[in-house]
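Residue strings, one per chain:
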Amino acid sequence: MREIQFREALREAMVEEMRLDPKVYLMGEEVAEYNGAYKVSQGMLDEFGPDRVWDTPIAELGFAGIGVGSAMNGLRPIIEFMTFNFSLVAIDQVINSAAKVMSMSGGQYSCPIVFRGPTGNAGMLSSQHSQNFENWFANTPGLKVVVPSNPADAKGLLKSSIRDNDPVIFMESELMYGDKGPVPEGEYVIPIGQAKVVREGNDVTIVSFGKIMKVALAAADELAKNGVSAEVIDLRTVRPIDYATIINSVKKTNRCVVVEEAWPLAAISSELTYNIQRNAFDYLDAPVVRVNSLDLPLPYAPTLIEVILPNVKKTLQAVEAVMYK
């Protein structure tokens, strides 16, 4: 094991896959000469050259379309959005081209492409740069949606995403690029669609993903101080969702809280809540409780951000609700 940064884990995944497969290339704004807006692609231009590490204009619709077309013709592009807020400019290529080409061509064409970049709040960037669209993309048949929470998962899941023959939305966090964590030496791949029980417990299940896993784990630490044993599950991917791991946990703990950064209406937490109450109703001792961001655009002021986003205090209150305390 080595302690490396989240951004380094992503870079290792891309570099290793590009060395293995000459069909893999990286394209996006500032990924080459500037070494990446968040230094994820640092040094990659020097190793692979401008034919495989492409700087683009600020034109997401255009370079996403180039990526989709090249994937249909046998390449395996990695398309970096400087933030997934900007993916809205390219969403027609993602939803109406990449996600649908396999079914609309009757299986004649696949689209092995990865769209990756940061998602969600990154601190005082205001409404247009602080949104979570995991549930938007997860709602689309034909896409896979991956949201890692630590460097090891970032590397293992990105390698799987690059090798996958379906289009993958790979969503990171600006606030995590500098996070350090242990990453195994050598070849390391994590299958898409497998959640992980990161902390075992008996009294309540807490489910989350991405950077909000920090909130879930911090809440579990606080609960332990008061004698409450929380089982914490990291979804890792939100399409496909590993329902079995969650249901098995709820059958053991009989209570569940889902913590998610996105707005509450039609969120991933809504889907999880339905499936838990549909498939584990007889095991529940309380209704599932969700902790989401408030149903508001995120403002600039840090005091308001704290009020709107999920946090440890809100998570503890949710646990108290399901435990009737």
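So, here's what we can say about the structure. Quantities reported herein were computed from a predicted structural model and do not represent experimental measurements.

1. Remarks on the sheet that holds strand β10 (residues 204–208)
Reading across the sheet, the five strands line up as β9-β11-β10-β13-β14 and stay open at both edges, with mixed pairing between neighbours. Bordering the open sheet on either side are β9 (196–199) and β14 (289–291), each of which pairs with just one other strand. Mean inter-strand twist for the sheet, computed between neighbouring axes without regard to direction, equals 25°. Of the pairings in the sheet, the one linking β10 to strand β13 (residues 256–259) comprises three bridges and is parallel in character. For V207, the partnering residue across the bridge sits in β13 and is V258.

2. Structural notes on the environment of V289
Considering the arrangement of structural elements, one finds V289 in strand β14. Considered as a pair, V289 and T315 are 26 residues apart in the sequence and their alpha carbons are 9.4 Å apart. When near neighbours in sequence (up to four residues on either side) are disregarded, V289 contacts C256, V257, V258, A318, A321 and V322.

3. Overview of the pairing of strand β5 (residues 114–118)
Strand residues, when the strand is regular, have side chains that alternate between the two faces of the sheet. Most of β5 is tucked away: five of the five residues are buried. As paired strands, strand β4 (residues 76–80) and β5 are joined by three bridges and run parallel to one another. Opposite I78, over in β5, you have V114 as the bridge partner. Bridge analysis of β5 against strand β7 (residues 168–172) gives five bridges, and the strand direction is parallel. Its bridge partner lying in β7, P118 is registered against E172.

4. What to know about the nonpolar core
Of all hydrophobic cores here, the largest spans 44 residues; its most connected members are F115, F137, I169, L235 and I246. Put simply, the parts of the chain that give this core at least two residues each are β2 (24–28), α3 (60–72), α4 (91–98), α6 (134–138), β7, α9 (243–253), β13 and α10 (268–279). No other element matches the four residues that α3 contributes to this core. Excluding its chain neighbours within four sequence positions, the residues that come into contact with I169 are F84, V94, F115, F137, L143, K144, V145 and V146. In this structure, M18, V53, L158 and Y177 belong to the second largest nonpolar core, which totals 33 residues.

So, how was this worked out
- Residues numbered from 1 in each chain as written.
- Predicted model: local features only at pLDDT ≥ 70, side-chain atom pairs only at ≥ 80, totals over all residues.
- Heavy atoms only, no water.
- Pairing = 2+ DSSP bridges.
- Helix = DSSP H or I, 4+ residues; strand = E, 2+ residues; numbered from the N terminus.
- Axes fitted to C-alpha atoms, helices over the stretch in contact; angles between N-to-C directions.
- Contact = heavy atoms within 4.5 Å.
- Buried < 20%, exposed > 50% of the residue type's maximum accessible area, 1.4 Å probe, protein only.
- Core = buried A, V, L, I, M, F, W, Y, C linked by side-chain atoms within 4.5 Å.

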